[in-house]
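What follows is each chain in one-letter form.
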Amino acid sequence: MTWRPTIAALAGLCLTTVPSGAAAKPGGSLNVATVSAHAALAGPPGAPAGVCPTGASYGPPLPTTSVSATKIQGGFSFLEGPVWVADGGYLLMSDMAAGTGPYNIQPSTIRRFTPPATFDTFIANAGSNGLALSADAQQLVAATHDQRSVSAYRLSDRTRSAVAGNYQGRAFNSPNDVAVRSDGVVYFTDPNFQRGNRSDQMNGRTSVFRVSGGQVSLVDDRLRQPNGISLSPDGTALYVGAYSENKIYKYAVQPDGSIGARSVFVNYIGGPDGGTIDCAGNVYWASGGDSLVHVYSPTGTQLGTIRPGNSGTTNVAFGGPDRQTLFITSGPWGDSGLYSVRLNVPGYPY
């Protein structure tokens, strides 16, 4: 299962705490008044600034159709949500433990990996699962199941802000994964994997949401356990893995960030967890069913697979100085590990 947090430190945006009773505005327009010049000039509305060069052309992303990744280190509880921080040259990821307390809530620590081999604790008691970056790379956007929210951690001092606390006054289930546009629009999934024994205020629905201009709006509440979520580099497509349906869905994204038609991108993948996308639009998705990372062309044709280990593959993110290293979190409970493999095309840092 994907276990990922939801925070939203938006690219150069002044974060606005969502009022506890704030009503969502389905289809609401993007509020760009507080977007910084950095974000406004970032290029495509999908990829963060500098990630995907304009006008570049690429060949096949994989060296062969079946690739093996190299283990960097194991022995963690349960790794999820990797994200590369280029300014510091390090990778952040959530390390989730077993549920505790009367509500059976899973503690989570954000670990830092600094190549080639240094690991340390970046944020203790983060309550996070999936991670991303604000477009100006100054804040960590996280799906935070501890508070059933989307949060933002400032990288400079680790202070936490609320981005999305509820939908129309009702608590989310347990936000799991996030995707951030270069203009600050945030999309996140809300399955119930980390809800524990807390009340179901979503009436049995597991959904995808959007945060724009401080307002939370519903994208789709028809999915069964939406898990990983990724945005195409040109910002025109949003991909969501429906864990309990074994499908990956694709949504058309409008220029203002609102969502259009939904289609099936991949009809079957066993237990789709986290995903990412490279600069050519190829899609990489972790499968809980076979522990592989499946790689698809922008049209949904399978190009090959990457094997990090034999069980528990959860998520992926591009990183390294040229963003051509794919980092993979994988492994059984209590011995989860970080893997990497060099690929031919650069991609998203989360």
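Below: a short report on this structure.

Cut-off values and rules
- Residues numbered from 1 in each chain as written.
- Predicted model: local features only at pLDDT ≥ 70, side-chain atom pairs only at ≥ 80, totals over all residues.
- Heavy atoms only, no water.
- 1 Å grid on protein atoms, 1.4 Å probe; cavity = no way out; pocket = protein on both sides within 12 Å on 5 of 7 lines; lining within 4 Å.
- Points joined across faces, edges and corners; volume = space filled by probe spheres on them.
- Helix = DSSP H or I, 4+ residues; strand = E, 2+ residues; numbered from the N terminus.
- Nonpolar A, V, L, I, M, F, W, Y, C, P; charged D, E, K, R; others polar.
- Buried < 20%, exposed > 50% of the residue type's maximum accessible area, 1.4 Å probe, protein only.
- Pairing = 2+ DSSP bridges.
- Core = buried A, V, L, I, M, F, W, Y, C linked by side-chain atoms within 4.5 Å.
- Contact = heavy atoms within 4.5 Å.
- Disulfide = S-S within 2.5 Å.
- Axes fitted to C-alpha atoms, helices over the stretch in contact; angles between N-to-C directions.
- Phe/Tyr/Trp six-rings, centres within 6.5 Å; stacked < 30°, edge-to-face > 60°.
- Lys NZ or Arg CZ within 6 Å of the ring centre and 35° of its normal.
- Salt bridge = Lys/Arg side-chain N within 4 Å of Asp/Glu carboxyl O.
- Polar contact = N/O pair within 3.5 Å; in protein donor to acceptor, adjacent residues only side chain to side chain.

## Things to note about empty space enclosed by the protein
Summed over the entire model, instances satisfying the criterion amount to one cavity of 30 Å³ or more. Reported here for the largest cavity is a volume of approximately 30 Å³. Forming the boundary of the largest cavity are V178, A179, I229, S230, L231, G275, Y348 and Y350. If you list the elements that add at least two residues to the lining of the largest cavity, you get β11 (177–180) and β15 (226–231). Broken down by element, the lining of the largest cavity gets its largest block of residues, three residues, from β15. A per-class count over the lining of the largest cavity returns six nonpolar, two polar and no charged.

## Structural notes on the pairing of strand β8 (residues 139–144)
Most of β8 is tucked away, with six of its six residues classed as buried. Burial along β8 is two-sided: the face carrying Q139, V141 and A143 and the face carrying L140, A142 and T144 are both buried. With four bridges connecting them, strand β7 (residues 128–133) and β8 associate as antiparallel partners. When the bridges of β8 are listed, L133 appears paired with L140.

## What to know about the nonpolar core
Buried together is how nonpolar side chains tend to be arranged in soluble globular proteins. Residues L92, I110, L140, L155, F172, F188 and L238 are the most contacted members of the largest nonpolar core, which totals 52 residues. Considering each element in turn, this core owes the most residues, four residues, to β8. The contacts of L155, once residues within four sequence positions are left out, are V85, Y90, L92, F122, L133, A137, Q138, Q139 and L140. By size, the runner-up hydrophobic cluster in this structure holds 14 residues, among which are A69, V295, V316 and V341.

## As for the state of the cysteines
Using the criterion set out here, one finds one disulfide in the structure. Shown here is the disulfide that connects C52 with C279, its sulfur atoms set 2.2 Å apart. Taking the torsion about the sulfur-sulfur bond, which here is approximately -85 degrees, the covalent link between C52 and C279 counts as left-handed. With C52 in the loop between α1 (37–40) and β1 (66–68) and C279 in the loop between β19 (272–277) and β20 (283–287), this pair connects stretches of sequence that are 227 residues apart. Pair check on accessibility: C52 and C279 agree, each one buried.

## Focus: the sheet that holds β11
Strand order across the open sheet formed by four strands is β11-β12-β13-β14, with antiparallel pairing between neighbours. Two strands in the sheet have a free side with no partner beyond their single neighbour: β11 and β14 (215–220). Ignoring strand direction, the axes of neighbouring strands in this sheet form an average angle of 25 degrees. Alignment of strand β13 (residues 207–212) against β14, held across five bridges, turns out to be antiparallel. Within the sheet, the bridge partner assigned to R210 lies in β14 and is S217.

## What to know about the sheet that holds β15
Reading across from one edge, β15-β16-β17-β18 is the order of the four strands in this open sheet, with antiparallel pairing throughout. Because the sheet does not close on itself, it has two edges, and the strands there are β15 and β18 (259–266). Averaged over all neighbouring strand pairs, the angle between strand axes comes to 25 degrees, with direction disregarded.

## Points about the packing of aromatic side chains
Using the criterion set out here, one finds 15 aromatic pairs in the structure. Each ring, one from F113 and one from F327, has its centre 6.1 Å from the other, and the planes form 70 degrees; the classification is edge-to-face. Taken together, the residues span a long stretch of sequence, with F113 in strand β5 (residues 108–114) and F327 in strand β24 (residues 325–330) at a distance of 214 residues. Grouping residues by exposure puts F113 and F327 together as buried. The residue whose ring lies beneath R112 is Y90, and the NZ or CZ to ring-centre distance is 5.2 Å. Over the ring of F122 we find R158; its NZ or CZ atom is 3.8 Å from the centre of that ring.

## Description of the pattern of salt bridges
Tallied over the entire structure, the rule returns 10 salt bridges. As a salt-bridge pair, D322 and R342 come within 2.9 Å of each other at their nearest N and O atoms. With a gap of 20 residues between them, D322 in the loop between β23 (315–319) and β24 and R342 in strand β25 (residues 336–342) connect regions that are remote in the sequence. Residue classification places R342 among the partly exposed residues on the basis of a relative accessible area of 47%. Put simply, D220, R222 and R262 are held in one network by salt bridges that share partners.

## Structural notes on the side chain of N315
Within the secondary structure, N315 sits in strand β23. Separated by 2.8 Å, the side chains of N315 and E80 make a polar contact.

## So, the pairing of β19
Burial analysis of β19 places six of its six residues in the buried class, the great majority of the element. Summarising the sheet, β19 and β20 pair through four bridges and their orientation is antiparallel. Paired with P272 across the strands is S287, a residue of β20. In sequence, β19 turns back onto β20 through a hairpin of five residues, with G281 there showing a positive phi of about 90 degrees.

Keep in mind that these numbers describe shape and distance, not what the molecule does.
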